[in-house]
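# Chains, contacts and geometry: an overview
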Amino acid sequence: MSQTSLKQKKKNEPGRRYSKESLDAEKRKDSDKTGARLSTQGSQELPLHNTDSRGYVVRNQWSRTSRSPSTGAPSVDEPRSRNTVIKAPNSSTTSRTSSASPSQHETSPPPQTSEKSSIQQTPQNRPITQLESQPPTPPETEPNSRRTSAKMYTGSDPWAHRENREPRDLQLRDYAHSCDSREGMPKTREYPRTPPTEWKPYVQRRLQYGTSVDLEPEYISDGLQQRQRQQTEEDEVDEAYWTSVSMLYEKIPSCARPRPPKPKHAITIAVSSRALFNMVDDRKIYEEEGLEKYMEYQLTNENVILTPGPAFRFVKALQHVNSRLRDLYPEEQDLFDIVLMTNNHAQVGVRLINSVNHYGLLIDRFCLTGGKSPIGYLKAYLTNLYLSADSEKVQEAIKEGIASATMYAGAKDMAYCDTQLRVAFDGDAVLFSDESEHIAKDHGLDKFFQHETLFENKPLAQGPLKSFLEDLGKLQKKFYAKDERLLCPIRTYLVTARSAASSGARVLKTLRRWGLEIDEALFLAGAPKGPILVKIRPHIFFDDQMFHIESAQKFGTITAHVPYGIAQKRN
């Protein structure tokens, strides 16, 4: 079959379009007859739609680059503002106006006018032709085109419909206002914005707002009412509890515990647990049964109060001096500060605390090393004097340059003064150096007397307890400043085996050169010291030789051995 017969067959089929060549030929033919063009914005012109012999509109296919079937894209030179409306002729309108006369096309409204006015200009009384009675034929879809279908707009301009839309937020706002204006609909509640207020604690807010919520009873749920009742009951219980506690504290007499002094100002006395309390039986359990049995024994008897040890009365006298100083100087910091220094395990600490509180001892600082030697902590505690029942630890502390002594209890019970601290010192190798002891041991007493007379005006070198005597003298001067010399709670004694006539002058001149005052000086010239010490009844007596310590013990004196000097090597 030839190509001409195929075109003729397609032309005779109803509902079919002409081919592209026939459409272009007829379009040029009609345009030559009418010579009419539709003018659009700018210089671009749109050709009129042609009809075939049956009255159907012959329409060009959609272009992939054009914005409408009949118009091109707006010119770039003409900016599109929000108020400018660009319209394109509708398909239905074009189909109606294409059959009109050329004069009607020339008088058609401009593109700036609305669609309604252009429709009104169409003659109302003209007869309906076959062109208007037939529905428009939709354009054929291209198989390779992105647009699979084209929506036919009727009654309104698609471009005007798209550009006249308002933003979505304005539509939602108008919708909200319309909802508020309806009858029976709840209006949107507006809450005032309050500025940030100052933070207040719970007590102030509770007093300001109360404990109950001001709501109508019918709007309060059962759970909320139950919580309010529970909160009210708890508040009443708390108030009653604190009322009873306040009444209890009002009935208890005030027993203010004096605050301990600062360590940098205090005179620190470190005392071991076996020196402060009598723990002879506990020591036997440790040596015979081991550490585990010892700890078990202490835990079992932690509520059993320990009995006083050799340093107990000395510590009580130190606290009395502190009390007298606080009476004269309420803000005084140069006080005695007692530290419990022991190598016991921490599990024993409860029994020690119970015993300390039982006797009313003001000991706030503890050092429990758990089997380790506590000597390393003495300097950290700024210790001025260390008293222990272990002679090995005392010798270790002496080598570290810390004044130390081994405590021994008296063989007899002796009454001690509770209102005055009494401390007795030996001279050589205690307050002074062992210089004279070397001469006496190596060359005899005659050479010793000659040496002391020759160097009478040369002060002796200081011994290990010289610093502690200085601390006592500093506190004594505080009482002297308040005219309390005769009532001073501190009294010092020098009990020496020296002879006053031959060697006593150098001792007194040395003390004077040091700026220290000794209350009583007792020169015994080699006589036993026990009977003299019974008369003095000191809380502690320091000596470097054990035969003097044993002599004093027989008479009930509490002694402290200072392991220093040549006498220790000879023994």
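Here the structure is a predicted model, which is why all the values come from computation and not from measurement.

## Considering the confidence of the model for the protein chain
Looking at the protein chain as a whole, the pLDDT averages 74, with 60% of positions reaching at least 70. Predicted confidence is poor over residues 34-46, with pLDDT under 50, and the contacts of this stretch with residues over four places away or in other chains come to 22 contacts. Long-range and interchain partners of residues 61-134, a stretch whose pLDDT sits below 50, account for 90 contacts in this model, where long-range means more than four residues apart.

## Quick look at the environment of Q298
For Q298, the position within the fold is in helix α13 (residues 291-300). For the pair formed by Q298 and D282, sequence separation is 16 residues and the distance between their alpha carbons is 8.2 Å. If sequence neighbours within four positions are ignored, Q298 has contacts with M279, D282, V348 and R351.

## What to know about the packing of aromatic side chains
Tallying each qualifying case throughout the model produces 9 aromatic pairs. An angle of 70° between the planes, with centres 5.2 Å apart, marks the rings of Y241 and W242 as edge-to-face. Through a chain of ring-to-ring contacts, three or more aromatic side chains come together here, namely F277, F312 and Y359. Here the guanidinium or amino end of K466 rests over the ring plane of W514, the centre of that ring lying 5.1 Å away.

## Topic: the packing of helix α14 (residues 312-328) against helix α19 (residues 466-481)
Packing of α14 against α19 leaves a shortest axis separation of 10 Å and a crossing angle of 35°. Seen along the crossing, α14 lies across α19 with a hand that is left-handed. Residues F314, V321, R324, L325 and L328 of α14 form the contact with α19, whose own contacting residues are F468, L475, K478 and F479. Grouping the constituent residues of the contact of α14 with α19 by class yields 7 nonpolar, no polar and 2 charged.

## With respect to the nonpolar core
Judged by nonpolar contacts, the single largest core of 63 residues is most densely connected at I269, F314, F336, F425, F468 and F542. No other element matches α14, which puts 7 residues into this core. Counting contributing residues, this core receives three or more from each of domain 1 (267-408) and domain 2 (421-565). In contact with F468, other than residues within four places in its own chain, are I269, F314, F336, L385, V423, F425 and F542. With 10 residues, the next largest nonpolar core counts V339, I375, A397 and I402 among its residues.

## What to know about the pairing of strand β8 (residues 336-342)
For β8, the buried fraction is high: 7 of the 7 residues fall into the buried class. Side chains of β8 alternate between two faces, with F336, I338, L340 and T342 and D337, V339 and M341 buried alike. Inspection of the sheet shows strand β5 (residues 267-271) paired to β8 by 5 bridges, in the parallel sense. In the strand pairing of β8, I269 is matched with I338. One ladder, built from 4 bridges, connects β8 with strand β9 (residues 365-368); its direction is parallel. Its bridge partner lying in β9, T342 is registered against L368. Since β8 and β9 lie parallel, the crossover through helix α15 (residues 349-358) that links them has a hand, and here it is right-handed.

## Observations concerning a nonpolar patch on the surface
Together, L248, Y249 and I252 give the surface a local cluster of nonpolar side chains, amounting to about 350 Å² of exposed area. Among the structural elements, I252 can be located in the loop between α10 (222-251) and β5. The partly exposed category is assigned to I252, whose relative accessible area is 44%.

## Re the sheet that holds strand β10 (residues 383-388)
Strand order across the open sheet formed by 10 strands is β9-β8-β5-β10-β11-β16-β15-β12-β13-β14, with mixed pairing between neighbours. The open sheet has two free edges, formed respectively by β9 and β14 (520-523), since each of these has just one partner strand. Each strand axis lies, on average, 25° off the axis of its neighbour in the sheet, ignoring direction. Where β10 lies against strand β11 (residues 404-408), 3 bridges are found, and the strand directions are parallel. By the bridge assignment for β11, L387 is matched with A405. The strands touched by α15 are β8 and β9; relative to β9, the strand with the most contacts, the crossing angle is about 150°. Contacting β5, β8, β10, β12 (421-425), β13 (490-496) and β15 (540-543), α19 crosses the sheet at an angle of about 145° to β13.

## Here we look at a negative patch on the surface
Together, E233, E234, E236, D238 and E239 give the surface a local cluster of negative charge. Checked against the element boundaries, E234 lands in helix α10.

## Description of the pairing of β10
A large share of β10 lies buried, amounting to 5 of its 6 residues. The pairing of β5 with β10 spans 4 bridges and is classified as parallel. Bridge pairing in β10 links A270 to Y386. A crossover connection joins β10 to the parallel β11 through helix α16 (residues 391-399); in handedness this β-α-β unit is right-handed.

## Some thoughts on the side chain of H539
Residue position: H539 is located in the loop between α21 (530-536) and β15. At 2.8 Å, the side chain of H539 forms a polar contact with the backbone oxygen of C417. Not counting the four nearest positions on each side in its chain, H539 is found in contact with R313, F314, A317, Y416, C417, Q420, L421, R422 and I558.

## Some words on empty space enclosed by the protein
A complete count under the given rule lists 2 cavities of 30 Å³ or more for this structure. Its residues placed into classes, the lining of the second largest cavity shows 2 nonpolar, 3 polar and 2 charged.

Conventions used here
Residues numbered from 1 in each chain as written. Predicted model: local features only at pLDDT ≥ 70, side-chain atom pairs only at ≥ 80, totals over all residues. Heavy atoms only, no water. pLDDT = per-residue confidence, 0-100. Contact = heavy atoms within 4.5 Å. Helix = DSSP H or I, 4+ residues; strand = E, 2+ residues; numbered from the N terminus. Phe/Tyr/Trp six-rings, centres within 6.5 Å; stacked < 30°, edge-to-face > 60°. Lys NZ or Arg CZ within 6 Å of the ring centre and 35° of its normal. Axes fitted to C-alpha atoms, helices over the stretch in contact; angles between N-to-C directions. Left-handed = near helix turned anticlockwise from the far one by under 90°. Nonpolar A, V, L, I, M, F, W, Y, C, P; charged D, E, K, R; others polar. Core = buried A, V, L, I, M, F, W, Y, C linked by side-chain atoms within 4.5 Å. Buried < 20%, exposed > 50% of the residue type's maximum accessible area, 1.4 Å probe, protein only. Domains from an automatic or database assignment. Pairing = 2+ DSSP bridges. Right-handed = clockwise from strand over helix to strand, strands pointing away. Patch = residues over 30% accessible without salt bridge, like charges linked within 9 Å, V, L, I, M, F, W, Y side chains within 5 Å. Areas by Shrake-Rupley, 256 points an atom, 1.4 Å probe, with all protein chains shown as cover. Salt bridge = Lys/Arg side-chain N within 4 Å of Asp/Glu carboxyl O. Lys, Arg positive; Asp, Glu negative; His and termini not counted. Charge placed at Lys NZ, Arg CZ, Asp CG, Glu CD. Polar contact = N/O pair within 3.5 Å; in protein donor to acceptor, adjacent residues only side chain to side chain. 1 Å grid on protein atoms, 1.4 Å probe; cavity = no way out; pocket = protein on both sides within 12 Å on 5 of 7 lines; lining within 4 Å. Points joined across faces, edges and corners; volume = space filled by probe spheres on them.

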